[in-house]
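Secondary and tertiary structure notes
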Amino acid sequence: MGLSHLLRLQKRILGSIEDDISLYRHRKPKDLIAYEKAYLREFNGDYRVSKKEDLLARIRKSQIIFCGDFHSLRQSQKTAMRLLRDALKSDANYLLCLECIDHKKQDVLDSFFRKEIDLDAMRAQIDFDLSWPFPWENYKDLFLFSQENGIRIIALGSGFSAGRENLNQRDLESAKIIVDSALRFPDLRLFVFYGDLHLAKKHLPSATREILRSNGRTLRTTTIFQNEPRLFWKLARDGLAHTTDVLKLREDTWCIMNSTPWVRLQSYLDWLEGDSFSDSSEEGGPTDNILGRVNSMLLHLETFLQIQNQNDLDVTIYSFEDIQGFHTLSGKDHSLRSKAIHHAIYLSRPAFLPDTKSLYVPSASLNVLAEASAFMLLERHNAGGEFIFDPRGRMAALILLQARIYFFSKIINPKRKCEEIDDILSFLKASSRKRRAPFRFKKNFYHWAQRELEWLFEKKLRLFQAKGPRFTYASGCEAARLVGSILSERLHFAFLNGTLSLEEAKKFLLTPISDEKATRKLIRDYGSIAAKSGYAIRSKLEKL
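Reading the values: rules and limits
Residues numbered from 1 in each chain as written. Predicted model: local features only at pLDDT ≥ 70, side-chain atom pairs only at ≥ 80, totals over all residues. Heavy atoms only, no water. Salt bridge = Lys/Arg side-chain N within 4 Å of Asp/Glu carboxyl O. Helix = DSSP H or I, 4+ residues; strand = E, 2+ residues; numbered from the N terminus. Disulfide = S-S within 2.5 Å. Contact = heavy atoms within 4.5 Å. Buried < 20%, exposed > 50% of the residue type's maximum accessible area, 1.4 Å probe, protein only. Pairing = 2+ DSSP bridges. Arc of directions from axis to C-beta. Axes fitted to C-alpha atoms, helices over the stretch in contact; angles between N-to-C directions. Parallel < 35°, antiparallel > 145°, perpendicular 65-115°, else oblique. Left-handed = near helix turned anticlockwise from the far one by under 90°.

Turning to the pattern of salt bridges, a few remarks are in order. Per the counting criterion, the structure on display carries 36 salt bridges. D270 serves as the salt-bridge partner of R293, at 3.3 Å between the closest nitrogen and oxygen. Highlighted residues: R293 in helix α13 (residues 285-305) and D270 in helix α12 (residues 261-272), separated in sequence by 23 residues. Note that R337 is salt-bridged to D355, the shortest N-O span being 2.9 Å. In this pair, R337 is assigned in helix α15 (residues 336-346) and D355 in the loop between β10 (351-353) and β11 (358-361), connecting sequence segments 18 residues apart. Through salt bridges that share partners, K52, R85, D86 and K89 make up one connected network.

Structure (structure tokens):
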């Protein structure tokens, strides 16, 4: 029941977003319909579940790599950067070819590559905000990554105004630049990051092959799509939607599946609505928009749990634009409540204050909004206890609270990842000689997390051998957050494979938080279920 029940809920989420988007849709011209049909035909055949290592091996054998970009989804740009990062570990010879920049601005990109101008100057000189309609924040890290790693950027933009150009002509113009770059830099691989519709075999890849052929050349190419909804539902039919990251469609065609159709579509809806979360001038302001999104997620979570709304909540939202207002709630004392408010602000964590019914939402990211909806659900169904616990005496209560919040966020975003043991080991190895405060703090809470993880799973980890550092409120809270996420990552996996039933999940998620002894027993019982779930991921880097 667990997986099918979850998929029904997720289709409902997708349907509600599609209804909102339908308000913006206009009649498509015939040439666009034909262009889209060629794209959709790419996914008519069967698929084979693969893994990141196989995809990277294929990339290393290719001279031109076409990677699809769903422009409004930040995960899409992050995935491209991760692929490049992993590819660079064995081969540093890459060009990054970007659709989002007019090719007439190539001289600016060359200056940026030579570090003659900084990021802000480059952004201004390529007229990014005027020439490309999608958020700068989505692409900024790609530019920084390329400069830091000595990767030259090639501009592929045709200069046509959005929505008016002939799509095939645009493919042809970009293909000419790709081939010219391949011939000018024969020792470099080209990583072409371009809108996903353009990557159908008959579109940009075909235009590139034709121009190569006219130059008497053939180069091996690979096409990588991202998060195609039709493939997601095929995987869902086969019970693989939430555990598969890489698909092989054909020898030269792959698809990365690290987001969901509703997350993908929600990003598009947010873009259509003008990125309202960062626009305080919009009527109603960002707080109303955040509350609407959080309430929508709350209803979806109640549907998942098959529970009725018990209490109407009159909650005051403090958004990322009202940090000062939330800070004033702390007063001037050093109480536990004051520490919780300061911790939420300084580490950008969602927080709920039950006495004033105040919800702090530090950003509009999907995971933060999902966590905020989890706080509201726990309050509405009297399952959050006091919400603010002192980790010195109530560490188990804090772990349980964080585990519940993470589990609920995984229902909304099943592709969410958490740090695993190997990630901690990698951090400790890389930062062994670093003494700056952020590294010391992270080592501190990792140390306390180790103690709780060893207790929870009854297994020695041996991450640290030395005596523990000084215990602080902040380190205790972050340790609880890490332990809770690791526990719920496994419980979510157990739910998907049927090891954990819906009723058992509800008991874990909604049993009122009581005294520390009873809470530790509840956590240990579910820790045993988690340990037997078959979860085998040892690093979040194993996923894309």
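Below, the discussion takes up the state of the cysteines. With the rule as written, the count across this model stands at zero disulfides. In this model C100 remains outside any disulfide bridge; the closest cysteine sulfur is found in C97, 11 Å from its own. The thiol of C418 is unpaired, and the distance to the nearest cysteine sulfur, on C477, comes to 18 Å.

Time to look at the environment of N168. Within the secondary structure layout, N168 lies in helix α9 (residues 167-184). Setting aside anything within four residues of it in sequence, one finds N168 in contact with Y35 and H203.

Looking now at the pairing of strand β8 (residues 253-256). Burial of β8 is two-sided: the residues T253 and C255 facing one way and the residues W254 and I256 facing the other way are all buried. Sheet topology places strand β6 (residues 221-226) next to β8; four bridges connect them, and they run parallel. Paired with I224 across the bridge in β8 is W254. Of the pairings in the sheet, the one linking strand β7 (residues 246-250) to β8 comprises four bridges and is antiparallel in character. Across the sheet, the residue bridging to L247 is C255, located in β8. The hairpin formed by β7 and β8 contains two residues between the paired strands.

Here we come to helix α21 (residues 502-510). For the α-helix, the turn length of 3.6 residues means that residues three or four positions removed from each other point alike. Regarding α21, the residues found buried are L502, A505, K506, F508, L509 and L510. Down the axis of α21, the buried side of the element spans an arc of 165°, and every buried residue falls inside it.

Before going further, it helps to examine unusual backbone geometry. Positioned with a positive phi, N227 is a non-glycine residue whose angle comes to about 55°. Following the sequence through the fold, N227 ends up in the loop between β6 and α11 (229-237). A positive phi angle, near 55°, is found at N382, a position not held by glycine.

Turning next to the packing of helix α17 (residues 395-412) against helix α22 (residues 516-531). Taken N-terminus to C-terminus, the directions of α17 and α22 make an angle of 45°; their axes are 8 Å apart at the nearest point. Here α17 lies oblique to α22, going by the angle between them. For the crossing formed where α17 meets α22, the hand is left-handed. Between α17 and α22, the contacting residues are M395, A396, A397, I399, L400 and R404 on the first element and E516, T519, R520, L522 and I523 on the second.

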